[in-house]
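# A closer look at the structure
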Amino acid sequence: MARKPAAQSVDREDILWAAAEVLRRKGYDVTTMKDIAAEVNLTAASLYHHFPNKDFLLLNVLEFGIGLVIEKLEEITASEMSHAEKLAAMIRFHVGAITGNVAMGTAMIFEIRPLLNAGAGNRYGGGKFFEEFAERRDRFFARRDYFEGLFRNVLLGGICAGEFRQVDAPTVTRAILGAHNWVGVWYRDGGRLSGEEVADVMVDTWLAALRASD
């Protein structure tokens, strides 16, 4: 099948999902723009029409992924549920997002270091091109911190309300998110547990560990 030129390109979000899948299979260092273009039946030149290089494409994948989860988590945290109910809903959504979109989930774990190293060695020749990339990269990491903060604030609120026992909230938050992220490494669709069942296990485990004594 002939590759599509830029004028007949696929939807930008389709490219991001495809890029996440190729990154999951091959890893950032080995993946080429040609690999990603082939995944959506584009010419490599057409892909450069959308993204100037692989670093920018990776950044777009990660921006897209974190935006998807933050929007839903904000809805949960703004609700009238108890803190325990909020945490349960957030866990279910986060684990469900990972098991439902393993490629995007694993990109959010394993491609952070390449993002940190992107642009090293003056790859962009300096100037406004790199400044744009660096500014957007900083915003992404700020969004990632904000994402973590949504979980931490619910945990702190539950402690203050007496729903959860006293724990070190930053450490426990990172333990929760780390456990969730690792699900994307070992989870297999059609395996012993469904994504929903894995989420149920996580909810039961974390709430049991955090529940305040009567």
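Coordinates for the structure precede this section.
This text gives an overview of the structure that appears in the document.

Calculation criteria
Residues numbered from 1 in each chain as written. Predicted model: local features only at pLDDT ≥ 70, side-chain atom pairs only at ≥ 80, totals over all residues. Heavy atoms only, no water. 1 Å grid on protein atoms, 1.4 Å probe; cavity = no way out; pocket = protein on both sides within 12 Å on 5 of 7 lines; lining within 4 Å. Points joined across faces, edges and corners; volume = space filled by probe spheres on them. Helix = DSSP H or I, 4+ residues; strand = E, 2+ residues; numbered from the N terminus. Nonpolar A, V, L, I, M, F, W, Y, C, P; charged D, E, K, R; others polar. Buried < 20%, exposed > 50% of the residue type's maximum accessible area, 1.4 Å probe, protein only. Polar contact = N/O pair within 3.5 Å; in protein donor to acceptor, adjacent residues only side chain to side chain. Contact = heavy atoms within 4.5 Å. Axes fitted to C-alpha atoms, helices over the stretch in contact; angles between N-to-C directions. Left-handed = near helix turned anticlockwise from the far one by under 90°.

### Regarding empty space enclosed by the protein
Per the counting criterion, the structure on display carries one cavity of 30 Å³ or more. Taken as a whole, the largest cavity holds about 30 Å³ of empty space. Of all elements in the fold, only helix H1 (12-26) and helix H4 (54-77) reach the threshold of two or more residues within the lining of the largest cavity. For the lining of the largest cavity, the element with the most residues is H4, which contributes four residues. Here the lining of the largest cavity is composed, by residue class, of seven nonpolar, no polar and one charged.

### As for the layout of surface pockets
The calculated volume of the largest pocket comes to roughly 510 Å³. Mapped by element, the contributors of at least two residues to the lining of the largest pocket are H4, helix H5 (83-100), helix H6 (102-110), helix H8 (127-160) and helix H9 (169-186). A per-element tally of the lining of the largest pocket places H8 first, with five residues. Class assignment for the residues of the lining of the largest pocket results in 14 nonpolar, six polar and four charged.

### Focus: the side chain of Thr99
Its location among the elements puts Thr99 in helix H5. Its relative accessible area of 12% is what places Thr99 among the buried residues. A distance of 3.3 Å separates a polar atom in the side chain of Thr99 from the backbone oxygen of Gly96. Residues in contact with Thr99, not counting those within four places in the same chain, are Val183, Tyr187 and Gly195.

### Observations concerning the packing of H5 against helix H10 (residues 195-210)
Two elements in contact, H5 and H10, have axes separated by 9 Å at closest approach and are oriented at 145°. Helix-helix and strand crossings are classified by hand; for H5 and H10 the assignment is right-handed. Mapping the contact onto sequence places Ala84, Leu87, Ala88, Ile91, Arg92, Val95 and Thr99 in H5 and Gly195, Val198, Ala199, Asp200, Met202, Val203, Trp206, Leu207 and Leu210 in H10. Classifying every residue of the contact of H5 with H10 by side-chain character gives 12 nonpolar, two polar and two charged.

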